[in-house]
Amino acid sequence: KAGVTQTPRYLIKTRGQQVTLSCSPISGHRSVSWYQQTPGQGLQFLFEYFSETQRNKGNFPGRFSGRQFSNSRSEMNVSTLELGDSALYLCASSFRDHTDTQYFGPGTRLTVL
Amino acid sequence: AQSVTQLGSHVSVSEGALVLLRCNYSSSVPPYLFWYVQYPNQGLQLLLKYTSAATLVKGINGFEAEFKKSETSFHLTKPSAHMSDAAEYFCAVSVRGNKLVFGAGTILRVKS
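Undergrad: Help me out: how do you make sense of the interface of chain B and chain A in this one?
TA: One widely used convention gives an interface's size as the accessible area the parts lose upon coming together. At the junction of the two partners, chain B supplies 19 residues and chain A supplies 25 residues. When chain B packs against chain A, close to 1,800 Å² is buried across both sides, 53% of that on carbon and sulfur atoms. Run the count over chain B and chain A and you get zero salt bridges. Here chain B and chain A share 13 residue pairs in polar contact (both at pLDDT 80 or more) between them. Those elements that place two or more of their residues in the side of chain B that touches chain A are β4 (32-38), β5 (44-50), β9 (87-95) and β10 (99-102) of chain B. With four residues, the single largest contributor to the side of chain B that touches chain A is β4 of chain B.

Here it is, written out as structure tokens:
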């Protein structure tokens, strides 16, 4: 079975721009979660989608948004980029809920200049 | 709210020595606990998962972890460290809403 894939792997943007990151889950997995990883804050939960609905959201500003499509693929969008948004963004997929294992993709490294 | 504490941001061991990475959790309900490993410029790879079926959980690459409810701990061990074990290790608890709460991570250095 193919693992979780994320595109692109690397992005460089400037302040004020917006960015869209994509995640394709493992086949059969209906839940997709997003995490931000930074040296200062560690791994932080952004949001989780299940069957095209956002089920849970972390403490991030409204500039961070996401969606999930009928094939379970997910995208996250960050608008009006700030320098502090530079991070590794990780996507994880799981079968259904918190009792299942989350499997992670390789991440998208976003650099904001 | 559930939380995870990893004691020691850096651990250094000699090749062939015991690896012990510490993790304590707080949870009001039986927890689903995980250990993940991250190599440079990569995502997180699952090492093992605790699901209450057994207190001693065996994972990949010779790692194992023991769940101790009385100590609210889930420490990760490996009898003999290899150079390839050098990486960052994260302990996490899974909570409702399918959210993983991570510890701050422990960087393992293996000396030859």
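Further notes follow.
Undergrad: I tried to follow the pattern of salt bridges on my own but got confused; where do I start?
TA: All names here are of chain A. Taken as a whole and judged by the stated rule, the model has eight salt bridges over all chains. R63 serves as the salt-bridge partner of D85, at 2.8 Å between the closest nitrogen and oxygen. Linking D85 in the loop between β8 (74-78) and β9 (87-94) with R63 in the loop between β6 (53-57) and β7 (64-68), this pair joins segments that are 22 residues apart in sequence. Residue classification places R63 among the buried residues on the basis of a relative accessible area of 16%. One salt bridge connects R96 with D97, and the closest N-O pair in it is separated by 3.3 Å. Each member of the salt-bridge network shares a partner with another, and the members are R63, E82 and D85.

Undergrad: Can you walk me through unusual backbone geometry in this structure?
TA: Excluding glycine, residues mostly carry a negative phi; peptide bonds, for their part, are mostly trans. In this structure, the amide linkage connecting T7 of chain A to the following residue, P8 of chain A, adopts the cis form with an omega of -10°. At N41 of chain B, a position not held by glycine, the phi torsion is positive, near 60°.

Undergrad: In this structure, what is going on with the sheet that holds strand β3 (residues 19-24) of chain A? I would like to understand it.
TA: The pairing of strands in a sheet happens through backbone hydrogen bonds and is either parallel or antiparallel. Residues and elements named next belong to chain A. What the four strands build is an open sheet, ordered β1-β3-β8-β7; its pairing is antiparallel. In this open sheet, the two strands that pair with only one neighbour each are β1 (5-7) and β7. Geometrically, the sheet is characterised by an average inter-axis angle of 20° between neighbouring strands, direction not taken into account. The sheet contact formed by β7 and β8 spans five bridges and is antiparallel. Looking at β8, one finds that F64 is bridged to V78.

Undergrad: Sorry, what's going on with the nonpolar core here?
TA: Most often, soluble globular proteins have nonpolar side chains that are buried together. All names here are of chain B. Among the nonpolar cores identified, the biggest contains 29 residues, and W35, L47, L48, F74, L76 and Y89 are the most heavily contacted of them. Every element with two or more residues in this core is listed here: β2 (10-14), β3 (19-26), β4, β5, β7 (64-68), β8 (73-78), β9 and β11 (106-111). Among the elements that take part in this core, β9 stands out by supplying five residues, more than any other.

Undergrad: How should the environment of N59 of chain A be read in this particular structure?
TA: Residue and element names in this part refer to chain A. Within the fold, N59 resides in the loop between β6 and β7. Classification of N59 as exposed rests on a relative accessible area of 82%. The spatial distance from the C-alpha of N59 to the C-alpha of G3 is 28 Å, given a sequence separation of 56 residues.

How each quantity is defined
Residues numbered from 1 in each chain as written. Chains lettered and ligands numbered in written order. Predicted model: local features only at pLDDT ≥ 70, side-chain atom pairs only at ≥ 80, totals over all residues. Heavy atoms only, no water. Contact = heavy atoms within 4.5 Å. Buried area = accessible area lost by both parts, 1.4 Å probe. Salt bridge = Lys/Arg side-chain N within 4 Å of Asp/Glu carboxyl O. Polar contact = N/O pair within 3.5 Å; in protein donor to acceptor, adjacent residues only side chain to side chain. Helix = DSSP H or I, 4+ residues; strand = E, 2+ residues; numbered from the N terminus. Buried < 20%, exposed > 50% of the residue type's maximum accessible area, 1.4 Å probe, protein only. Pairing = 2+ DSSP bridges. Axes fitted to C-alpha atoms, helices over the stretch in contact; angles between N-to-C directions. Core = buried A, V, L, I, M, F, W, Y, C linked by side-chain atoms within 4.5 Å.

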